[in-house]
Amino acid sequence: MTELNNAEKLERRVDISAEISDYVYKYEQNYTEIMSKQPKLSEGELNTKALENVAPPSDTTITDAMYDEETGVAALAVEDSQTGETYI
């Protein structure tokens, strides 16, 4: 893999951040829908099911996910193999 220069890294950061925002929204929708239909699932089971149809941007991996039922805040941690950075 070729190392990215600073301009390429910046452009990638902007692109990946925008894509991740879309994926967090989809994860949140999935999580709340599943939670309403299957309220007895554990948090781990809910996360697993909510992430089933959430594909991260290319060359990235979802490393963690959470949804806070009290505040409605959803978050994903995504590692970028091209830059070595993690996005939250």
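The structure presented is a predicted model; accordingly, all values stated were derived computationally and were not measured.

*Asks:* I'm lost on the overall build of the protein in this one. Help?
*Replies:* Helix and strand content of the protein: two helices and three strands. In sequence order, the secondary structure elements of the protein are arranged as α-α-β-β-β. The C-alpha extent of the protein, read off along each of the three principal axes, is 50 × 20 × 15 Å. Expressed as a percentage of the 88 residues in the protein, the buried residues total 28%. Excluding contacts between residues fewer than 6 apart, the proportion of contacts in the protein whose partners are at least 24 apart in sequence is 47%.

*Asks:* Please explain the pairing of strand E1 (residues 60-68) as it appears in this structure.
*Replies:* Each regular strand displays side chains that alternate between the two surfaces of the sheet. Relative to strand E2 (residues 73-80), E1 runs antiparallel, the two being bridged by eight bridges. The partner of Tyr 67 across the bridge, within E2, is Ala 74. Between E1 and E2, which pair antiparallel one after the other, the connecting turn spans four residues, and Gly 72 there sits at a positive phi close to 80°.

*Asks:* Is there a simple way to explain the pattern of salt bridges in this structure?
*Replies:* Pairing is possible between side chains that carry opposite charge, provided their charged atoms lie close to one another. The tally for this structure, following the rule as stated, stands at three salt bridges. Ionic pairing is found between Arg 13 and Glu 85, a salt bridge with its closest N-O pair at 2.6 Å. Residue Arg 13 is found in helix H1 (residues 6-37), and its partner Glu 85 is found in the loop between E2 and strand E3 (86-87); the two are separated by 72 residues along the sequence. Relative accessible area serves as the criterion here: at 31%, Arg 13 is assigned to the partly exposed category. Glu 85 sits in the partly exposed class, given a relative accessible area of 24%.

*Asks:* Where do I start with the sheet that holds E2 in this structure?
*Replies:* Sheets are built from strands that pair by backbone hydrogen bonding, the pairs being arranged parallel or antiparallel. On the basis of which strands lie adjacent, the open sheet formed by three strands has the order E1-E2-E3 and antiparallel pairing. Looking at the sheet topology across the chains shown, the edges are occupied by E1 and E3. With two bridges joining them, E2 and E3 adopt antiparallel strand pairing. Considered in E3, the bridge of Val 78 is made with Tyr 87.

*Asks:* Would you mind going over the side chain of Asn 47 with me for this structure?
*Replies:* Of note, Asn 47 is situated in helix H2 (residues 43-51). The buried category is assigned to Asn 47, whose relative accessible area is 12%. A polar atom in the side chain of Asn 47 sits 3.3 Å from the backbone oxygen of Ala 65. Among residues more than four places away in sequence, those in contact with Asn 47 are Tyr 27, Tyr 31, Ala 65 and Met 66.

*Asks:* Just checking my understanding: could you explain the pairing of E2 for this structure?
*Replies:* Most of E2 is tucked away: six of the eight residues are buried. Connecting the antiparallel pair E2 and E3 is a turn made up of five residues, with Gly 84 showing a positive phi of about 75°.

What counts and what doesn't
- Residues numbered from 1 in each chain as written.
- Predicted model: local features only at pLDDT ≥ 70, side-chain atom pairs only at ≥ 80, totals over all residues.
- Heavy atoms only, no water.
- Helix = DSSP H or I, 4+ residues; strand = E, 2+ residues; numbered from the N terminus.
- Buried < 20%, exposed > 50% of the residue type's maximum accessible area, 1.4 Å probe, protein only.
- Contact = heavy atoms within 4.5 Å.
- Pairing = 2+ DSSP bridges.
- Salt bridge = Lys/Arg side-chain N within 4 Å of Asp/Glu carboxyl O.
- Polar contact = N/O pair within 3.5 Å; in protein donor to acceptor, adjacent residues only side chain to side chain.

Treat this as a map of the structure, not an account of what it does.
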